Every structure is written in structure tokens, then in C-alpha cells.
Amino acid sequence: MPKLVTIFGGAGFLGRYIARRMAKEGWRVRVAVRRPNEALHVRPYGVVGQVEPVFCNIRDDDSVRAAMDGADAVVNCVGTFDKSGKNNFDAVHVDGAGRIARIATEQNVGQLTHISAIGADAASDSLYAKSKARGEDAVTAQYPGAVILRPSVMFGPEDSFFNRFSTLARFSVVLPIVGANTKFQPVYVDDVAKAAVQSALGHAEAGVYELGGPDVHSFRALMDTMLAVTHRRRLVANIPFWVAAIIGPISEFTEKLSLGLVPAQITGDQVRSLKSDNIVTEGAQGFADLGIKPVDLETMLPEYLWRFRPSGQFDAIKDSAKNLRAH
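Right, let's walk through the structure included here. This structure is a prediction, so every number in the text was calculated from the model and none was measured. (Residues numbered from 1 in each chain as written. Predicted model: local features only at pLDDT ≥ 70, side-chain atom pairs only at ≥ 80, totals over all residues. Heavy atoms only, no water.)

Checked against the element boundaries, Cys56 lands in the loop between strand E3 (51–55) and helix H2 (61–68). Taking the C-alpha atoms as reference points, Cys56 and Ser84, 28 residues apart in sequence, are found 20 Å from one another. (Helix = DSSP H or I, 4+ residues; strand = E, 2+ residues; numbered from the N terminus.)

Here it is as C-alpha cells:
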């Protein structure tokens with residue numbers, strides 16, 4: 001009987017890549033999500049019946065226990081940017097993570113991998129970063145042998161970072177950003193998935209691994225790179241932190257007033273997060289310790305941002321045509 005891995009949040013941005021790779025390793029994959037009917041896209045990752053979405057609410061012991069039943073390895077990819085509501089920072093990042101770790105110990109699961117984030121810090125001004133740090137503590141308290149992965153901002157075809165700003169650049173001549181000089185170390189989502197698989201297979205020592213791409217860029221430089229890839233000329237305008245600190249709460253209030261129909265463009269907590277660099281700590285364990293060489297940003301962005309070019313896939317043909325001599 002092939003081994004079984006339960007991936008909490010396995011239909012999300014990162015989780016789907018982990019699910020695909022675990023299926024290729026020959027494992028049975030149980031994708032634990034709140035809405036299984038919206039996770040059917042994971043089924044083709046393996047042969048018939050190899051990858052199955054199941055219902056799970058990580059706020060409930062019995063639900064987590066059922067999703068984990070018989071698992072040889074567990075990966076927790078569940079995260080949120082919602083600081084309020086039932087699935088808030090504490091419910092998901094702290095209580096949910098601790099619950100998964102506790103039940104993994106009860107069920108003698110062989111490997112537990114927890115996805116956290118670079119910047120997790122109990123002393124941070126950001127509630128998000130604080131909850132991530134507390135979540136790590138909750139996991140290691142219940143499952144001391146856990147592997148904790150802290151990726152920087154992840155990019156890939158389904159990301160909500162470059163896709164979001166590329167969409168904005170289609171319709172606006174100005175790209176407003178907060179923290180233009182804040183540094184990031186973007187990491188390709190499939191490289192993080194490789195790290196999670198190494199852990200699930202038992203090829204990683206317990207501990208914390210900080211995962212960043214091969215290069216460090218300022219926020220402004222990332223936008224310049226994105227604009228170059230999408231063949232757009234736009235003004236990248238930095239919004240001072242003191243202005244953003246006013247806009248954030250207003251944006252959050254507008255979202256609540258509209259009952260979510262108008263999503264917050266930026267929150268007060270995100271503004272606080274952007275005051276700190278999002279890069280790998282010097283001396284931290286990382287990709288090298290897992291035998292993984294991460295791909296660079298410039299290699300991957302054209303693979304999926306081409307659709308935001310003025311003429312989409314035909315932009316390159318048009319550029320080439322300009323060089324033809326008239327006869």
C-alpha cells in the first residue's frame with residue numbers, strides 16, 4: 001500500500017504544487033480543504049483515486065483527526081490574511097497549527113511540515129508576523145520534530161503578487177506602492193514545494209528553514225522588472241508610510257461597509273509589515289541545506305506574465321516584425 005500524506009490547504013497556491021509532487025513520488029495524497037467541491041482540480045495530479053480532496057475545518061479536533069487518519073506525513077499550508085472573523089490570524093496560524101501538530105503526535109504521524117513565513121517574529125509590530133511566530137511555537141510545543149519552512153513572497157502562475165500589479169498596470173499609468181525601498185527575496189512556489197516534499201519524505205532535519213530566491217530586490221525594483229516583462233511603461237509611485245497608515249484603516253472599513261464586495265487594497269497590518277525587509281536571515285538554514293537550487297525571478301516571470309503584454313503572446317512577433325526591411 002503506497003504511503004499517505006495529508007496536505008491541509010492542499011488546493012491553494014502552494015499546496016497544489018506540493019500535492020502534485022507528492023503524487024509523482026507515488027504517494028496517496030489527501031487534500032484537506034473547507035470546500036472539496038472547489039478543489040477538484042487536484043485530482044488529475046495522479047492516477048484515478050490517488051489524489052482526493054476531503055472536507056476539513058482546522059478549527060475542529062474531530063475534523064482534523066478524520067482528515068489525518070492513517071497519514072504517514074502531514075503538511076500544513078493553511079494561512080490567512082484576515083485578522084478578523086472566525087478564520088482570523090489566531091484561529092488559523094496559532095490554534096489551527098497547534099491543533100494539527102497535537103493530533104499528528106497523537107496519531108504517530110512520521111513527518112510534520114509546517115509552512116510559516118519569513119518575518120515571523122513575536123516582537124513584530126505586525127499582527128500577521130506575530131501570529132506566525134506564535135504558530136511556530138504552538139507546533140514545536142506539540143511536535144518537537146517538525147520541519148518549519150519560512151518562504152519569502154512566493155511567485156508563480158497563480159500568485160496574487162505579480163498578477164495583481166500586472167493587472168493594475170493594464171488600466172493605470174501609475175503604480176502606487178508602499179515601502180518602495182523594502183527588500184524582498186522572491187521565491188518560486190515550486191521550489192518551496194520541493195522543500196516541503198523533501199521534508200515529507202524524511203530528508204530534512206527538524207528545525208526552521210528560511211526560503212528565499214537567489215536574488216534580493218527592492219519593492220520598486222520588482223515592479224520595474226514586472227513592467228519590463230509585460231512591456232509596459234508606468235510610473236511607480238511610492239506612498240509614504242504615514243499616508244499608507246491612514247489609507248489602510250479606511251480601506252478596511254470600506255471592505256466591511258460593502259460586506260466584502262469592495263476588497264481592501266491594503267490593510268493597516270500590511271503597512272506595518274512592509275516596514276521590515278522580507279529576506280533570509282544571515283546564517284539561517286535554507287535551500288542549500290535541502291539540496292535545492294532555487295530558480296531566479298527573471299527566468300520564470302515571462303512564463304506567465306506574457307498575457308499582460310499589450311498584444312499578449314503576439315508582442316514578440318510584433319517586435320520582430322519592426323526589424324523587417326521593406327522591399
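With that out of the way, let us pick up helix H5 (residues 162–171). Where H5 is concerned, the buried positions are Phe162, Asn163, Phe165, Ser166 and Ala169. Down the axis of H5, the buried set is contained in an arc of 170°. They therefore lie on one face. Buried residues along H5 sit against strand E7 (154–155), strand E8 (174–178), helix H7 (219–230) and helix H10 (297–305). (Buried < 20%, exposed > 50% of the residue type's maximum accessible area, 1.4 Å probe, protein only. Arc of directions from axis to C-beta. Contact = heavy atoms within 4.5 Å.)

Position of Glu210 among the secondary structure elements: in strand E11 (residues 207–211). Setting aside its immediate chain neighbours within four residues, Glu210 contacts Ile118, Arg150, Ile279, Val280, Thr281, Ala284, Gln285, Gly286 and Phe287.

Attention now goes to unusual backbone geometry. Positive phi, close to 55°, is recorded for Asn108, a residue that is not glycine. Taking relative accessible area as the criterion, Asn108 reaches 67% and is therefore assigned exposed. At His231, a residue that is not glycine, the phi angle is positive and equals roughly 60°. Within the secondary structure, His231 sits in the loop between H7 and strand E13 (235–239). The partly exposed category is assigned to His231, whose relative accessible area is 35%.

Attention now goes to helix H6 (residues 189–200). Its twelve residues give H6 an end-to-end C-alpha distance of 17 Å, which sits within 8% of 16 Å, the value for a rise of 1.5 Å per residue. Three or more residues of H6 are buried, namely Val189, Asp190, Asp191, Val192, Ala193, Ala195, Ala196, Val197, Ser199 and Ala200. Two residues or fewer after H6 comes Gly202, characterised by a positive phi angle close to 85°. (Expected span 1.5 Å × (residues − 1).)

What follows deals with the side chain of Glu252. Tracing the chain through its elements places Glu252 in helix H8 (residues 241–257). Only 3.2 Å separates the side chain of Glu252 from the side chain of Lys83, close enough to count as a polar contact. At 2.9 Å, the side chain of Glu252 and the backbone nitrogen of Gly268 are in polar contact. Beyond its immediate sequence surroundings of up to four residues, Glu252 is in contact with Lys83, Ala264, Thr267 and Gly268. (Polar contact = N/O pair within 3.5 Å; in protein donor to acceptor, adjacent residues only side chain to side chain.)

Now for the sheet that holds strand E1 (residues 4–8). Sheet architecture is open: seven strands sit in the order E3-E2-E1-E4-E5-E6-E11, paired in parallel fashion. Sheet topology places E3 and E11 at the edges, where each strand pairs with a single neighbour. Averaged over all adjacent pairs, the angle separating strand axes in this sheet is 20°, with direction ignored. Most of the contacts of helix H4 (residues 127–142) go to strand E5 (residues 111–115), to which it runs at about 170°, and overall it touches E5 and strand E6 (147–151). (Pairing = 2+ DSSP bridges. Axes fitted to C-alpha atoms, helices over the stretch in contact; angles between N-to-C directions.)

This paragraph deals with the packing of H2 against helix H3 (residues 89–106). The N-to-C vectors of H2 and H3 enclose an angle of 55°; their axes lie 10 Å apart at closest approach. One finds that H2 runs oblique with respect to H3. Classified by chirality, the crossing of H3 by H2 is right-handed. The residues of H3 that touch H2, namely those facing Asp61, Val64, Arg65 and Met68, are Arg99, Ile100, Arg102, Ile103, Ala104 and Glu106. Considered class by class, the residues forming the contact of H2 with H3 number five nonpolar, no polar and five charged. (Parallel < 35°, antiparallel > 145°, perpendicular 65-115°, else oblique. Left-handed = near helix turned anticlockwise from the far one by under 90°. Nonpolar A, V, L, I, M, F, W, Y, C, P; charged D, E, K, R; others polar.)

Nothing here speaks to function; it is geometry throughout.
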